[in-house]
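# Coordinate analysis (summary)
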Amino acid sequence: MSVHPDILEAQRFFEKAEATSVPSIKVEMLKEAIHLVDLFREEHPDIAEGTNTFIVNLRRSHTRRLIEQLVSLKR
């Protein structure tokens, strides 16, 4: 399966959000990743099932890891 460049870019933003320890950067990277995923799905309503599954799993897995990071933050 070939992955669209926009989705690969979203994946990079998710990875940057996960990697940084700076909250403001983490939030911006996460917002950009989600925006790209949502925009892609709006612009491509007829995407292949495999691509759609990849996108859903990408968003879900990175969101879970970021939530785990959030829970472990010390205030």
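Before any of the text, the structure's been laid out above.
Structure report, in brief. (Residues numbered from 1 in each chain as written. Predicted model: local features only at pLDDT ≥ 70, side-chain atom pairs only at ≥ 80, totals over all residues. Heavy atoms only, no water.)

### Details of helix H3 (residues 49-72)
The terminal C-alpha atoms of H3 lie 35 Å apart, and with 24 residues this matches the ideal 34 Å at 1.5 Å per residue to within 8%. All of the buried residues along H3 are Thr-51, Asn-52, Ile-55, Leu-58, His-62 and Leu-66. Elements in contact with the buried residues of H3: helix H1 (5-19) and helix H2 (23-43). (Helix = DSSP H or I, 4+ residues; strand = E, 2+ residues; numbered from the N terminus. Expected span 1.5 Å × (residues − 1). Buried < 20%, exposed > 50% of the residue type's maximum accessible area, 1.4 Å probe, protein only. Contact = heavy atoms within 4.5 Å.)

### Thoughts on the packing of H1 against H3
H3 packs onto H1 with a crossing angle of 10° between their chain directions and a minimal axis gap of 10 Å. When the axis of H1 is compared with that of H3, the two are roughly parallel. Residues Ile-7, Gln-11, Phe-14, Glu-15, Ala-17 and Glu-18 of H1 form the contact with H3, whose own contacting residues are Phe-54, Ile-55, Leu-58, Arg-59, His-62, Arg-65, Leu-66 and Gln-69. (Axes fitted to C-alpha atoms, helices over the stretch in contact; angles between N-to-C directions. Parallel < 35°, antiparallel > 145°, perpendicular 65-115°, else oblique.)

### Here we look at the nonpolar core
Among the nonpolar cores identified, the biggest contains 13 residues, and Ile-7, Phe-13, Phe-14, Val-37 and Ile-55 are the most heavily contacted of them. Counting residues per element, the ones that place at least two in this core are H1, H2 and H3. Contact partners of Ile-7, with chain neighbours within four places excluded, come to Phe-40, Phe-54, Ile-55 and Leu-58. (Core = buried A, V, L, I, M, F, W, Y, C linked by side-chain atoms within 4.5 Å.)

### Description of the environment of Val-37
Among the secondary structure elements, Val-37 is positioned in helix H2. Separated by 18 residues in sequence, Val-37 and Ile-55 have C-alpha atoms that sit 7.2 Å apart.

### A look at the packing of aromatic side chains
Following the criterion strictly, the structure yields zero aromatic pairs and no others. Note that Lys-16 overlies the ring of Phe-13, its terminal NZ or CZ placed 5.6 Å from the centroid. (Phe/Tyr/Trp six-rings, centres within 6.5 Å; stacked < 30°, edge-to-face > 60°. Lys NZ or Arg CZ within 6 Å of the ring centre and 35° of its normal.)

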